[in-house]
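# Observations on chain architecture
One-letter residues, chain by chain:
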Amino acid sequence: MNAPSLGFTATEMMTIAAARVLRNDDVCFVGIGAPSAACNLARLTHAPGITLIYESGTIGTEPDVLPLSIGDGELCDTALTTVAVPEMFRYWLQGGRITVGFLGGAQIDRFANLNTTVVGPYDAPKVRLPGGGGAPEIAAHSREIFITMAMGSRAFVEKLPFITSMGHGTGGDHRARLGLKTLGPTRVMTDRCILEPDPDSKELTVVSLHPGETREGVEAQCGWPLKFAADLKETPAPTAEELEVLRALHERTRRAHAGG
Amino acid sequence: MNAPSLGFTATEMMTIAAARVLRNDDVCFVGIGAPSAACNLARLTHAPGITLIYESGTIGTEPDVLPLSIGDGELCDTALTTVAVPEMFRYWLQGGRITVGFLGGAQIDRFANLNTTVVGPYDAPKVRLPGGGGAPEIAAHSREIFITMAMGSRAFVEKLPFITSMGHGTGGDHRARLGLKTLGPTRVMTDRCILEPDPDSKELTVVSLHPGETREGVEAQCGWPLKFAADLKETPAPTAEELEVLRALHERTRRAHAGG
Amino acid sequence: MPAFLSLAEAIATHVKDGDTLAMEGFTHLIPYAAGHEIIRQGRKHLTLIRMTPDILYDQLIGVGAADKLIFSWGGNPGVGSLHRLRDAVENGWPHKLAIEEHSHAAMANAYEAGAANLPFATFRGYIGADLPKVNPNIRSVTCPFTGEVLAAVPAHRPDVSIIHALRADRKGNVLLEGIVGVQKEAVLAAKKAIVTVEEIVDDLGAPSPNSVILPGWTITAVVAVPGGAHPSYAQGYYKRDNAFYIAWDPIARERDTFLAWIDAHVMRATPADFAARRPAA
Amino acid sequence: MPAFLSLAEAIATHVKDGDTLAMEGFTHLIPYAAGHEIIRQGRKHLTLIRMTPDILYDQLIGVGAADKLIFSWGGNPGVGSLHRLRDAVENGWPHKLAIEEHSHAAMANAYEAGAANLPFATFRGYIGADLPKVNPNIRSVTCPFTGEVLAAVPAHRPDVSIIHALRADRKGNVLLEGIVGVQKEAVLAAKKAIVTVEEIVDDLGAPSPNSVILPGWTITAVVAVPGGAHPSYAQGYYKRDNAFYIAWDPIARERDTFLAWIDAHVMRATPADFAARRPAA
């Protein structure tokens with residue numbers, strides 16, 4: 001766990017790590033929570049030209065505060081244009097125009113498949129989760145998928161009870177065998193480390209530990225025997241600017257949502 | 001042929017006959033030419049609430065002059081709303097929201113099938129006509145079809161070289177056998193008479209002769225042995241109001257299109 | 001032209017026990033007032049269709065109005081679970097709820113197909129996902145040109161669709177603006193459509209020739225309910241009440257607090273109360 | 001962001017001999033200036049896609065630029081025949097033109113499917129009609145729920161789509177208004193898209209949050225050509241030149257009058273000449 005003395009929280013590190021990998025010419029399909037914070041942080045720092053799309057139909061939106069939902073009025077007010085939801089899924093997502101789709105979930109496995117549907121049997125669930133929403137097709141049609149999730153042994157599991165959205169399936173060339181030409185999950189940004197799929201097996205591999213994290217600490221938060229890259233790196237700590245912009249964004253957001 | 005002494009032309013009679021059968025709550029899919037004149041005449045006389053839709057996407061349009069094309073700016077300027085063409089064909093026509101589709105063509109047969117594609121063989125046509133445009137699906141999805149065409153033995157033919165849009169096919173319950181639930185052509189308004197399909201055989205039958213027309217005169221303009229209804233009527237002559245409104249509409253239209 | 005009715009009349013006349021009912025609004029323009037009227041009138045055995053059930057359907061499910069839910073994402077957006085939905089699925093309270101679960105792409109395409117009067121929708125979907133294993137209404141079609149196998153789902157054809165819109169004119173033409181979701185498709189796919197609006201005006205004031213307008217003759221009934229989308233919002237009229245969405249979590253978590261809330265804010269309330277709930281625009 | 005090019009550069013760079021080319025605009029916003037530039041640059045062996053070939057394709061076919069035409073209605077709207085199209089089909093002048101003929105519904109759905117990256121479009125069409133007998137690209141699919149047999153056509157996926165729009169901003173975002181036809185779909189279905197516009201402005205001035213806007217990153221090149229749609233029109237800029245459509249009939253009826261017109265008004269003209277041709281708005 002990040003000590004308070006580091007000057008930032010683990011969630012901040014996760015969000016900032018996700019923001020850094022976004023490029024100025026990316027077209028991002030944004031989900032609520034950490035992805036939304038990461039995308040807007042990128043837009044407010046190194047990637048001012050990034051195009052943010054929320055599945056509510058808002059294209060090229062530039063919100064001043066983070067939306068609570070994917071359809072807050074702020075998104076529409078600041079968008080280049082807002083289209084109907086069938087068009088969003090047909091022309092924009094299935095159309096292959098999204099370069100980065102952000103996903104998260106309740107559970108992930110070593111091949112970056114995600115579960116947001118149920119824990120326990122589908123017909124008699126122990127925990128009924130919200131379901132897939134846009135995820136099954138975001139996972140298929142975005143050029144690549146970035147995942148943000150906090151680690152934990154109940155979230156990073158050996159076997160998913162339900163595959164809501166496919167990552168690399170059973171690994172290797174599984175995606176290609178299903179006819180997919182997109183890259184699938186290329187990066188998983190957690191609160192403790194960054195993982196990337198092995199180029200061949202597609203098994204998630206830790207490539208970078210966040211400041212203050214150890215192999216053992218990370219392994220304890222994962223339900224499968226975790227692989228580490230030979231050239232394991234340390235994630236650069238958040239810069240003062242990153243922290244400042246992110247915290248100001250969250251503070252504006254808090255003030256806006258508290259009203260009523 | 002209508003003598004000049006009747007005080008109106010055959011084309012005027014055809015247009016006015018077509019206008020009269022339109023109802024205030026109809027939703028019409030309008031083609032250019034006589035249908036457009038008829039629909040707007042109805043709107044300017046007995047059916048002010050009629051909804052006119054042109055396949056260019058204009059819904060509820062109220063043009064002051066007749067458009068030359070189905071997409072003149074006048075149509076959009078006066079429409080309730082204008083939608084994209086894929087939506088027009090999917091939600092509005094195929095959606096089953098059109099009560100009256102207007103069609104015409106170069107040729108018609110006794111079952112009100114129409115040809116606007118070719119005269120002669122398809123691959124080596126003697127006359128290449130414009131083609132079907134919206135007609136094949138207008139014919140299928142409108143609740144009923146009104147046809148306006150000037151008579152003539154090369155237009156009203158025994159056998160079509162090409163069926164561009166289906167009327168009653170080979171007659172009887174042919175439409176129903178193809179799964180169609182719409183009525184198909186229910187009226188053909190010509191410059192000389194009005195025809196309607198026989199309730200059982202669906203063969204076109206003259207139900208009303210325009211003023212000044214005779215059975216023999218009409219028969220001479222038809223390429224098949226023409227049937228006449230037992231209670232053959234005479235079409236009421238245009239009223240002064242009908243003629244006045246129609247001529248004013250045409251005059252406004254002439255002035256508008258001559259500009260440039 | 002649609003009938004201009006009171007909300008009570010519109011629901012009493014057009015929504016029946018056992019109906020398949022779609023209430024749409026993608027975060028924006030969710031028809032809460034209409035949902036509350038359905039609860040007040042005690043409708044039962046409904047099949048509810050909605051991409052994102054949201055608090056609206058949490059309330060309908062919690063009072064036992066629904067036998068079945070057809071949906072693609074059942075959460076409280078940005079907050080967490082829909083506790084009444086979970087209680088019905090996990091514990092069968094107040095009774096067992098049948099579910100037919102899709103992805104957003106499937107639901108959006110199914111509405112689109114319904115509006116287009118097609119029997120099914122096709123799209124490239126569910127690849128490598130488990131939902132087709134548990135939902136027999138996810139099937140496939142094969143492209144007759146390339147041989148590619150694509151996903152297919154039945155078109156949505158609700159008995160009744162209910163949406164909330166910005167305004168209607170005196171002919172019942174309705175204007176939507178902003179995040180328009182699948183509302184137009186939901187109306188055009190349905191046998192009957194009820195539209196609640198913020199206001200009824202002489203002139204719609206549509207800003208563009210391509211504004212999203214539903215002609216009055218596509219609508220069964222129009223009802224003026226100012227504030228009728230609260231705690232959702234109406235672009236240009238009032239904002240989303242995000243604080244209420246956050247407050248709903250503890251209210252819905254327990255059965256008794258939920259029932260007390262329904263009693264106080266639905267059963268003892270009227271559509272007119274929505275006007276007072278609007279936050280500033 | 002698209003490149004901002006001259007019309008000559010845009011056509012020289014992005015339209016090649018043998019390309020499949022869609023130039024759309026449903027009566028409104030037909031990209032005439034771009035068509036004339038293609039004629040001036042002498043492109044050959046094009047496959048031309050367009051719902052309504054109109055005078056634009058009559059000109060391209062008449063000069064021999066096209067090997068094949070994919071279309072649904074080939075007339076001069078409100079006037080009569082396209083004589084150059086007829087001469088090519090009936091007499092093989094200047095050479096034989098292959099045709100693939102559809103209905104409007106099929107063409108519109110094929111663009112929609114192309115924009116949606118689907119291999120085919122399905123719709124309820126061609127019932128009892130003869131076109132499926134002469135066009136092998138009209139096939140069928142069977143609904144996996146009802147067993148109904150529906151028509152299927154391949155999606156349009158042009159190498160290049162060219163449209164004319166009202167205006168672009170400095171980032172290359174493009175606004176369409178009025179009769180928007182299938183232009184958005186044509187752009188999104190294509191590998192490359194060229195958009196000519198009336199003007200390039202600092203602010204698009206879109207009147208509605210739901211205005212029809214193509215983001216700059218969906219477009220390959222933007223070209224300012226004031227009047228570039230003449231004799232078609234640009235809503236709010238200038239009217240359709242109906243008199244020219246009527247005048248085209250005798251010009252195109254004979255080969256020599258046609259060739260003389262092309263020489264005078266295309267070969268010896270430039271895109272800048274379109275500005276002078278605009279009638280008043």
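So, here's what we can say about the structure. Here the structure is a predicted model, which means the values were calculated and not measured.

This brings us to the overall build of chain C. Each helix and strand in chain C was counted, giving ten helices and 15 strands. Relative to a compact globule of 281 residues, whose C-alpha radius of gyration would be 19 Å, chain C shows 18 Å and is just as compact. Overall, the C-alpha framework of chain C stretches about 55 × 50 × 30 Å when taken along its three principal axes. When the 281 residues of chain C are sorted by exposure, 65% land in the buried category.

All right, on to the interface of chain A and chain C then. Taken together, the 46 residues of chain A in the interface contact 49 residues of chain C. Together chain A and chain C conceal approximately 3700 Å² of surface at their shared face, both sides included; 62% is due to carbon and sulfur atoms. Three residues stand out in chain A for area buried against chain C, namely Leu68(A), Arg128(A) and Pro130(A), and they jointly supply 17% of the buried area on that side. Our count for the chain A to chain C interface comes out at two salt bridges.

Across the boundary between the two partners, chain B contributes 46 residues, which contact 49 residues of chain D. Both sides of the chain B and chain D interface together cover about 3700 Å² of buried area, and 62% of this is carbon and sulfur. Interface area lost by chain B to chain D is led by Leu68(B), Arg128(B) and Pro130(B), which between them contribute 17%. Counting the contacts that link chain B with chain D gives two salt bridges. Two residues, Glu101(D) and Arg128(B), come together in a salt bridge whose shortest N-O distance is 2.5 Å. Linking chain B with chain D are 18 residue pairs in polar contact (both at pLDDT 80 or more). Listing elements by their share of the side of chain B that touches chain D, those giving two or more residues are α3 (73-77), α4 (85-93), β9 (127-128), α5 (135-141) and α8 (240-258) of chain B. Residue composition of the side of chain B that touches chain D, grouped by class: 21 nonpolar, 17 polar and eight charged.

Each disulfide consists of a covalent bond between the sulfur atoms of two cysteine residues. Residue and element names in this part refer to chain B. Per the stated rule, a full pass over the model turns up zero disulfides over all chains. Cys 222 supplies the cysteine sulfur nearest to Cys 193, a cysteine that is in no disulfide, at a spacing of 8.2 Å. A relative accessible area of 0% means that Cys 193 is categorised as buried.

Residue and element names in this part refer to chain D. By the bridge criterion, three bridges tie strand β2 (residues 20-23) to strand β3 (residues 46-49) in an arrangement that is parallel. Each residue of the ladder has a partner; that of Leu 21, found in β3, is Leu 48. Regarding topology, helix α2 (residues 32-40) serves as the crossover connection from β2 to the parallel β3, and that connection is right-handed. As judged from the three bridges shared by β2 and strand β11 (residues 160-169), these two strands associate in the parallel manner. Across the sheet, Met 23 pairs through a bridge with Ile 162, a residue of β11.

When helix α1 (residues 7-14) of chain D is considered as a whole, its buried residues turn out to be Leu7(D), Ala10(D), Ile11(D) and His14(D). The buried residues of α1(D) occupy an angular sector of 95° when projected down its axis, which confines them to one face.

Next up on the list: the nonpolar core. Membership of the largest hydrophobic core comes to 250 residues, with the highest contact counts inside it found for Phe156(A) and Phe156(B). Not counting residues up to four positions away in its chain, the partners in contact with Phe156(A) are Ile108(A), Met149(A), Ala150(A), Met151(A), Val188(A), Thr190(A), Leu195(A), Gln221(A), Cys222(A), Gly223(A) and Trp224(A).

With that settled, the discussion passes to the sheet that holds strand β10 (residues 149-154) of chain C. Residue and element names in this part refer to chain C. One open sheet accounts for three strands, arranged β8-β10-β9; its pairing is antiparallel. A single partner strand is all that each edge strand has here, and the edge strands are β8 (120-123) and β9 (139-142). Strand-to-strand twist across the sheet, computed as the mean angle between neighbouring axes with direction ignored, equals 40°. Pairing geometry for β9 and β10, over four bridges, is antiparallel. Note that in β10 the partner of Val 141 across the bridge is Leu 150. Sitting on the sheet, helix α5 (residues 104-115) is in contact with β8 and β10, with an inclination near 135° to β8.

Attention now moves to the pattern of salt bridges. Residue and element names in this part refer to chain A. Within this structure, the stated rule accounts for 60 salt bridges over all chains. Between Glu 158 and Arg 110 there is a salt bridge; the shortest N-O distance is 2.6 Å. Linking Glu 158 in the loop between β10 (144-148) and α6 (174-177) with Arg 110 in the loop between β6 (107-108) and β7 (114-115), this pair joins segments that are 48 residues apart in sequence. Here Glu 158 falls in the partly exposed class, since its relative accessible area comes to 46%.

Structurally, the position occupied by Glu101(D) is in strand β7 (residues 98-101). Polar contacts involving the side chain of Glu101(D) include one to the side chain of Tyr122(B), which spans 2.5 Å. What Glu101(D) contacts, discounting residues up to four positions off in sequence, is Thr117(B), Tyr122(B), Arg128(B), Gly131(B), Gly132(B), Phe71(D), Tyr126(D), Leu131(D), Asn135(D) and Ile138(D).

All names here are of chain D. Where strand β1 (residues 3-4) and strand β15 (residues 221-224) come together, two bridges link them in parallel fashion. Note on β15: the bridge partner recorded for Ala 3 is Ala 221. Relative to β15, strand β13 (residues 192-201) runs parallel, the two being bridged by four bridges. From the neighbouring strand, Val 197 faces β15, where its bridge partner is Ala 224.

With that settled, the discussion passes to the packing of α2(D) against helix α9 (residues 255-267) of chain D. The description of two packed helices rests on the angle between their axes and on the distance between the axes. Residue and element names in this part refer to chain D. Between α2 and α9, whose axes approach to 10 Å, the crossing angle comes to 110°. By the angle between their directions, the pair α2 and α9 is classed as roughly perpendicular. Packed against α2, whose contacting residues are His 36, Ile 39 and Arg 40, the element α9 presents Trp 261, Ile 262, His 265, Val 266 and Met 267 at the interface. For the contact of α2 with α9, the residue count by class is five nonpolar, two polar and one charged.

With that settled, consider helix α4 (residues 83-91) of chain D. Residues His83(D), Arg84(D), Leu85(D), Asp87(D), Ala88(D) and Val89(D) constitute the buried set of α4(D). Once α4(D) ends, the next one or two residues include Gly92(D), with phi positive near 65°.

Turning our attention to the sheet that holds strand β10 (residues 149-154) of chain D. Residues and elements named next belong to chain D. Pairing is antiparallel in the open sheet, where three strands are placed in the order β8-β10-β9. One side of each edge strand has no neighbouring strand; the edge strands of this open sheet are β8 (120-123) and β9 (139-142). When strand polarity is set aside, the average angle formed by the axes of neighbouring strands in this sheet is 40°. Here helix α5 (residues 104-115) sits on the sheet in contact with β8 and β10, set at roughly 135° to β8.

Right, let's get into the environment of Met88(B). Residue and element names in this part refer to chain B. When you line up the elements, Met 88 lands in helix α4. Among the residues examined, Met 88 registers a relative accessible area of 0% and is labelled buried. Separated by 102 residues in the primary sequence, Met 88 and Thr 190 place their C-alpha atoms 28 Å from one another. Apart from residues lying up to four places away in sequence, Met 88 is in contact with Phe 29, Ile 53, Tyr 54, Glu 55, Gly 57, Thr 58, Ile 59, Val 83 and Leu 93.

A word on the environment of Ser208(C). Relative to the helices and strands, Ser208(C) resides in the loop between β13 (192-201) and β14 (212-214). Judged by relative accessible area, Ser208(C) falls into the buried class, the value being 7%. Taking the C-alpha atoms as reference points, Ser208(C) and Pro136(C), separated by 72 residues in sequence, lie 43 Å from one another. Those residues in contact with Ser208(C) that lie beyond four places of it in its chain are Glu177(D), Pro207(D) and Ser208(D).

Here is what the cut-offs are and how they apply
- Residues numbered from 1 in each chain as written.
- Chains lettered and ligands numbered in written order.
- Predicted model: local features only at pLDDT ≥ 70, side-chain atom pairs only at ≥ 80, totals over all residues.
- Heavy atoms only, no water.
- Helix = DSSP H or I, 4+ residues; strand = E, 2+ residues; numbered from the N terminus.
- Rg over C-alpha atoms; globule rule 2.2 N^0.38 Å.
- Buried < 20%, exposed > 50% of the residue type's maximum accessible area, 1.4 Å probe, protein only.
- Contact = heavy atoms within 4.5 Å.
- Buried area = accessible area lost by both parts, 1.4 Å probe.
- Salt bridge = Lys/Arg side-chain N within 4 Å of Asp/Glu carboxyl O.
- Polar contact = N/O pair within 3.5 Å; in protein donor to acceptor, adjacent residues only side chain to side chain.
- Nonpolar A, V, L, I, M, F, W, Y, C, P; charged D, E, K, R; others polar.
- Disulfide = S-S within 2.5 Å.
- Pairing = 2+ DSSP bridges.
- Right-handed = clockwise from strand over helix to strand, strands pointing away.
- Arc of directions from axis to C-beta.
- Core = buried A, V, L, I, M, F, W, Y, C linked by side-chain atoms within 4.5 Å.
- Axes fitted to C-alpha atoms, helices over the stretch in contact; angles between N-to-C directions.
- Parallel < 35°, antiparallel > 145°, perpendicular 65-115°, else oblique.

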